[in-house]
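Fold and contact review
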Amino acid sequence: MDERQLRILRELGELGSVSAVAEALHVTPSAISQQLRLLQRSIPVPLTERAGRRVVLTEAGQALARAAIEVETALARARHTVTDFAEQPDGDVSLAAFHSAGSTFFPLLLRGLAGPGNPRLSFADQDVAQDRFPALTRDHDLVLAHRLDHALPWPRTITAETLLREPLDVALPADHPLASRAVLFPRDVADQPWITVHDGFPLLSSIEAVASVAGRRLDIVHRINEFTVAAEVVAAGGGLALMPRWTARAHPDLVLRPLGDVHALRHIDVLHRPERTARRAVRTVLAELRRAAAEIQGRDTAVR
């Protein structure tokens, strides 16, 4: 039995005929009769009987019709509960992000959504390979992920929205001989030691593009995913690195220079399962992420 069949049985008991039930529910009498037959198959005793030309409820049918009222009441209460939950403005929202996005977006979200009546935020840092970001949407309402501009799109099973398209610049010590140049080309930096990320992480293909354009293999001496750690190594003379222009934390002893002849650009995307945005609180955080992205891009974006 299902909710619709119980509703029909209840209406039959109140209205007294199949045709009246069909009119009330805006369906054909044959459709009502078919649902009654399906319901009867799951019940071991007769639910209806003929009374002249009319179909009426037996005692068992009347008992089940009374129970149907309780079922409809419980289902209505459940629907209202779900609706209230979905429209709750201050519900819990979980957000995962890779490190540099978290350090940039998390504080802006906390400040932008401070105070009563706003969603309650739960943050998690997730430094994973690019192909593992979609799986994080199982455990988090929203996921900040990154991929290079020319990389394959995210799976269609999730919803993805680009918040930023961020240039990747060459980071080098402020006193490095190349720091005086406005733009650096692969041939300028190909003979330098390099710091890059581990295999499977998006920035690695940009490093490979530098080597391809320069026509020589780069000397990769360090594998460091965390930009704040890489910045310290660069500042100490450990090599050059590619760093995001807007979301890497500024370092007093480093400068960033644009990279010419290589398309070095990464997307910062927000991923989520489509059903997550049925909740008002999640939609509120999404809107705040967009506002934060506009603020990040609107800051002084001059190369440091």
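Details of the structure are given in the entry above.
The residue numbers shown here count from 1 along each chain, following its written sequence. Local features are withheld for residues below a pLDDT of 70 in this predicted model, meaning they are given only at 70 or higher, and side-chain atom pairs are given and counted only at 80 or more; totals for whole chains, interfaces and linings count all residues. The basis for the side-chain values is all heavy atoms of the structure; hydrogens and waters are excluded.

**Describing the packing of aromatic side chains**
For the record, the criterion: In this analysis, rings of Phe, Tyr and Trp, with Trp reduced to its six-membered ring, are considered paired at centre separations within 6.5 Å, and the interplanar angle assigns stacked below 30 degrees, edge-to-face beyond 60, and tilted for intermediate values. Each helix corresponds to a stretch of at least 4 residues labelled H or I by DSSP, and each strand to a stretch of at least 2 residues labelled E; elements are numbered beginning at the N terminus. Throughout this description, buried means an accessible area under 20% of the type-specific maximum (1.4 Å probe, protein chains only), exposed means over 50%, and partly exposed covers the range between.
Per the stated rule, a full pass over the model turns up three aromatic pairs. Ring centres of Phe98 and Phe133 lie 6.3 Å apart, and the angle between their planes is 75 degrees; on these two criteria the pair is classed as edge-to-face. On the criterion of sequence distance, the pair formed by Phe98 in the loop between strand S3 (92–97) and helix H5 (99–112) and Phe133 in the loop between strand S4 (120–125) and strand S5 (142–148) is long-range, its members being 35 residues apart. Each member of the pair, Phe98 as well as Phe133, carries the same accessibility label: buried. Geometrically, the ring pair formed by Phe133 and Trp154 is edge-to-face, given 6.2 Å between the ring centres and 85 degrees between the ring planes. Of this pair, Phe133 sits in the loop between S4 and S5 while Trp154 sits in the loop between S5 and strand S6 (159–173); the two residues are 21 residues apart in sequence, bridging distant segments of the chain.

**What about unusual backbone geometry?**
One non-glycine residue with positive phi stands out, namely His26, at about 60 degrees. Of note, His26 is situated in the loop between helix H2 (18–25) and helix H3 (29–41). Of the residues examined, His26 reaches a relative accessible area of 72% and is grouped as exposed. The backbone phi angle of Asp261 is positive, close to 70 degrees, even though this residue is not glycine. For Asp261, the position within the fold is in the loop between strand S10 (254–257) and strand S11 (265–272). Here Asp261 falls in the exposed class, since its relative accessible area comes to 55%.

**What to know about H5**
Worth spelling out the cut-off: A helix is expected to reach a length of 1.5 Å times the quantity of its residues less one. Across the chain, bend at a residue is computed as the angle between axes fitted to the seven residues ending at that point and the seven starting from it.
Taking 1.5 Å of rise per residue, 14 residues should cover 20 Å, and H5 covers 20 Å from first to last C-alpha, within 8% of that figure. The largest bend in H5 amounts to roughly 30 degrees and is located at Phe105, with the proline Pro107 lying one to four residues further along. Within H5 the residues assigned to the buried category are Ser100, Ala101, Gly102, Thr104, Phe105, Phe106, Leu108 and Leu109.

**Structural notes on the nonpolar core**
Worth spelling out the cut-off: Here, nonpolar core refers to any group of buried Ala, Val, Leu, Ile, Met, Phe, Trp, Tyr and Cys residues whose side-chain atoms link them within 4.5 Å. Contacts between residues were defined by any pair of non-hydrogen atoms, one from each residue, lying within 4.5 Å.
With 36 residues, the main nonpolar core has Val170, Leu172, Trp194 and Met243 as its most contacted residues. Sorting the residues of this core by element identifies S6, strand S7 (193–196), helix H7 (203–214), helix H8 (227–235), strand S9 (240–244) and S10 as the ones contributing at least two each. Of all the elements, H7 adds the most residues to this core, at five residues. Residue contacts for Trp194: discarding those within four places in its chain leaves Val170, Val189, Ile207, Leu218, Asp219, Ile220, Val221, His222, Leu240, Ala241 and Leu242. Counting residues in hydrophobic clusters, the runner-up holds 34 residues, among them Ala96, Trp154, Ile268 and Val285.

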